[in-house]
Amino acid sequence: MFLYNCVVNSMVRAIYPGSFDPVTYGHLDVIKRASKIVDELIVGVLNNKSKTPLFSVENRVKMLNDAVSDLPNVKVMSFEGLLVDFAKKVDAQLIVRGLRAVTDFEYELQMAQTNRVLAPDVDTVFLTTSLEYAYLSSTILKEVAHFGGDLSKFAPAEITDAVIEKIRLTADNK
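This text gives an overview of the structure that appears in the document. (Residues numbered from 1 in each chain as written. Predicted model: local features only at pLDDT ≥ 70, side-chain atom pairs only at ≥ 80, totals over all residues. Heavy atoms only, no water.)

## Examining the nonpolar core
Piece 1. In this structure, Ile31, Leu41, Leu64, Val96 and Val163 are the most contacted members of the largest nonpolar core, which totals 37 residues.
Piece 2. When residues of this core are assigned to their parent elements, the largest contribution, five residues, is made by helix α3 (residues 57-67).
Piece 3. Look past the residues within four positions of valine 163 in its chain and what remains in contact with it is Pro22, Leu54, Phe55, Leu141 and Ala145. (Core = buried A, V, L, I, M, F, W, Y, C linked by side-chain atoms within 4.5 Å. Buried < 20%, exposed > 50% of the residue type's maximum accessible area, 1.4 Å probe, protein only. Helix = DSSP H or I, 4+ residues; strand = E, 2+ residues; numbered from the N terminus. Contact = heavy atoms within 4.5 Å.)

## A look at the sheet that holds strand β1 (residues 13-18)
Piece 1. The strand order across the open sheet built from five strands is β3-β2-β1-β4-β5, with neighbouring strands paired in parallel fashion. Each end of this open sheet is capped by a strand with a single partner; those strands are β3 (74-79) and β5 (123-128). Sheet twist, expressed as the average angle between the axes of neighbouring strands with direction ignored, equals 30°.
Piece 2. For β1 and strand β4 (residues 94-99), the ladder comprises two bridges, and the chain directions are parallel. When the sheet's bridge partners are listed, isoleucine 15 is paired in β4 with isoleucine 95.
Piece 3. Packing against the sheet, helix α5 (residues 102-118) makes contact with β4 and β5, and its axis sits at approximately 165° to β5. (Pairing = 2+ DSSP bridges. Axes fitted to C-alpha atoms, helices over the stretch in contact; angles between N-to-C directions.)

## Regarding the side chain of threonine 24
Piece 1. Relative to the helices and strands, threonine 24 resides in the loop between β1 and α2 (25-35).
Piece 2. If near-sequence neighbours (up to four positions away) are discounted, threonine 24 is found in contact with Leu136, Ser137, Ser138, Leu141, Phe154 and Ala155.

## Looking at α3
Piece 1. When we look at burial in α3, the residues that qualify are Val57, Arg60, Val61, Met63, Leu64 and Ala67. Projected down its long axis, α3 carries its buried residues within an arc of 165°, all on one side. (Arc of directions from axis to C-beta.)

## Structural notes on the side chain of arginine 13
Piece 1. Examined against the element boundaries, arginine 13 turns out to sit in strand β1.
Piece 2. Within polar-contact distance, the side chain of arginine 13 engages the backbone oxygen of aspartate 91 at 3.4 Å.
Piece 3. Leaving out residues up to four positions away in the same chain, arginine 13 has contacts with Glu40, Ile42, Val90, Asp91, Ala92, Gln93 and Leu94. (Polar contact = N/O pair within 3.5 Å; in protein donor to acceptor, adjacent residues only side chain to side chain.)

## Describing the pairing of β3
Piece 1. In this sheet, β3 lies alongside strand β2 (residues 40-46) in parallel orientation, the contact comprising six bridges. Pairing of valine 43 across the sheet is with valine 76, part of β3.
Piece 2. Crossover connection from β2 via α3 to parallel β3: handedness right-handed. (Right-handed = clockwise from strand over helix to strand, strands pointing away.)

Given below as C-alpha cells:
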C-alpha cells in the first residue's frame, strides 16, 4: 500500500511521534534522516494527560520548532489521543519510529501492528538510531541533569539549559 501511495500520491507525508520531554540528539538524528526520505515530516508531540512531563506540550513544541528550524519540510504539531487518528487528521501515510535496541523493537512492532489494524492505510517504518545515540533517551538526559552531569553530548545547549533551569526551579519549589 505504501508504494502504491508513493506512486499515486506525489507527496508522502509522515509523522514522527513522541513525547520529546525533552528532545535529544537521538530524536534530532531520526528527524533529520526521516526528513530526507519523505516530502513532509510532521513531528507529533504527544500530550499524554496520564503523565506528568517536565515541560508543557507548548514548551516541547517550541523547543522542537527551534531545533528543526533549518529543516524546511519539517513541521511540529501537538496531538492527543490515538496516533492513527492524528495520522488521518493530517493525511499522513506513514509513521516513523526510531529503534535504539532490540528491546525497543518488541514494543514498537506491537504498536505498529495495532496501528495497522486500526488504520490499514497507514504504514510504519523503523529507523535505527545512529550508534552514537543508541544509549540516549529523554529519561537518561533528565536523570543526568538531576545529578549535575554534563549534558553537552545529549542535546543542543538551548535544550539542556532549559532542562537545568526547569530542574532548578522544581527543586527550589520543594
